[in-house]
Amino acid sequence: MTKTLTTFVFGLLALFAVSPISAITVNWGPVTAINSNLDIVNAENVIEAVNFAPTSQPLTIDVDVNGTTVTFNRNSNSPGVFFHNDDFFVDNNPAPGMVSGDTESEFHQVLDSFGDNNNFSYSFTGLTGGETYLLQVFHSDDRGNRSVAWNINGESLAFNNNTTTFRSAFSVATVTLAPAETSITLQRTSAQLNAAVLSLVAAPVPEPTSIALWATFGLGLLGYGAHRRWRK
């Protein structure tokens with residue numbers, strides 16, 4: 001009985017070792033210059049794409065990413081003021097930190113508009129607790145040197161928007177929800193939000209060691225149950 005019970009206990013410990021319960025975590029990636037529509041990441045797993053645009057913009061804009069269509073929906077209903085970038089993105093007229101001429105016109109249109117105002121925020125809702133998501137945030141600004149800051153559920157990212165670095169930039173944050181969380185809130189702290197793309201990170205294939213731990217746990221349960229039936 002002692003041996004069977006020990007196997008059961010180790011199996012139970014293994015269960016908690018491979019399935020931790022943690023609070024929501026946000027890890028911002030590096031800031032990178034936008035070069036084209038191909039900079040949209042994880043396009044095949046996109047859940048929602050948002051164009052923070054004035055009401056004069058189309059309700060939806062379809063952007064091709066290597067054969068996958070990402071549809072940006074216009075959102076100008078959140079608190080804030082919405083502007084155009086005055087045709088900042090013009091084919092064959094690149095400048096330091098700006099988008100080059102290889103960005104398709106539909107993506108130009110997304111990046112030409114933005115939501116301003118310190119209170120501006122947007123929430124992605126109806127998500128699954130415990131899942132890991134990628135939230136990509138796009139920024140473009142033709143107003144010269146400015147500081148840029150965003151936050152996701154309070155976790156901030158800040159960088160300088162100037163002609164020698166990134167007047168057109170994006171960053172990708174990895175967000176893992178707590179079990180009870182079903183939303184992610186993106187907020188503009190300074191500068192503006194041009195667009196955002198939320199995608200789901202595909203669940204990884206279990207490693208052989210994890211499979212072995214689960215198998216040990218299962219065998220422990222079976223063995224302990226059989227032993228109790230035998231004793232009865």
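That block above? That's the structure.
Notes on the structure follow. Per chain, the residues get numbers from 1 upward, laid out in the order the sequence is written. The predicted origin of the model limits local features to residues at a pLDDT of at least 70 and limits the giving and counting of side-chain atom pairs to 80 or more, whereas totals for whole chains, interfaces and linings rest on all residues. Each side-chain value is derived from all of the structure's non-hydrogen atoms; neither hydrogens nor water enter the calculation.

1. Some remarks on unusual backbone geometry
Then, number 1: Even without being glycine, Asn-66 reaches a positive phi, approximately 55°.
Then, number 2: Runs of H or I in DSSP of at least four residues are treated as helices and runs of E of at least two as strands, each being numbered from the N terminus. Along the polypeptide, Asn-66 turns up in the loop between strand 4 (60–65) and strand 5 (68–74).
Then, number 3: Residue exposure (1.4 Å probe, protein chains only): buried if accessible area is under 20% of the type maximum, exposed if over 50%, otherwise partly exposed. For Asn-66, a relative accessible area of 69% translates into the label exposed.
Then, number 4: In this structure, Asn-153 takes a positive phi of about 50° despite not being glycine.
Then, number 5: Inspection of the secondary structure puts Asn-153 in the loop between strand 10 (146–152) and strand 11 (155–161).
Then, number 6: For Asn-153, a relative accessible area of 35% translates into the label partly exposed.

2. Quick notes on the packing of aromatic side chains
How two aromatic rings sit relative to each other is set out by the distance from centre to centre and by the angle between their planes.
Then, number 1: Stacked, tilted and edge-to-face are the three classes assigned to paired rings of Phe, Tyr and Trp, where Trp is represented by its six-membered ring and a pair needs centres within 6.5 Å; plane angles under 30 degrees give stacked, over 60 edge-to-face, the rest tilted. Using the criterion set out here, one finds 10 aromatic pairs in the structure.
Then, number 2: Centre to centre, the rings of Phe-52 and Tyr-122 are 5.8 Å apart; their planes meet at 70°, and the pair counts as edge-to-face. Taken together, the residues span a long stretch of sequence, with Phe-52 in the loop between strand 3 (46–51) and strand 4 and Tyr-122 in strand 8 (residues 121–124) at a distance of 70 residues. For the pair Phe-52 and Tyr-122, a shared accessibility class is recorded, and that class is buried.
Then, number 3: An aromatic cluster is present here, built from Phe-52, Phe-82, Phe-120, Tyr-122 and Phe-124 joined pairwise through their rings.

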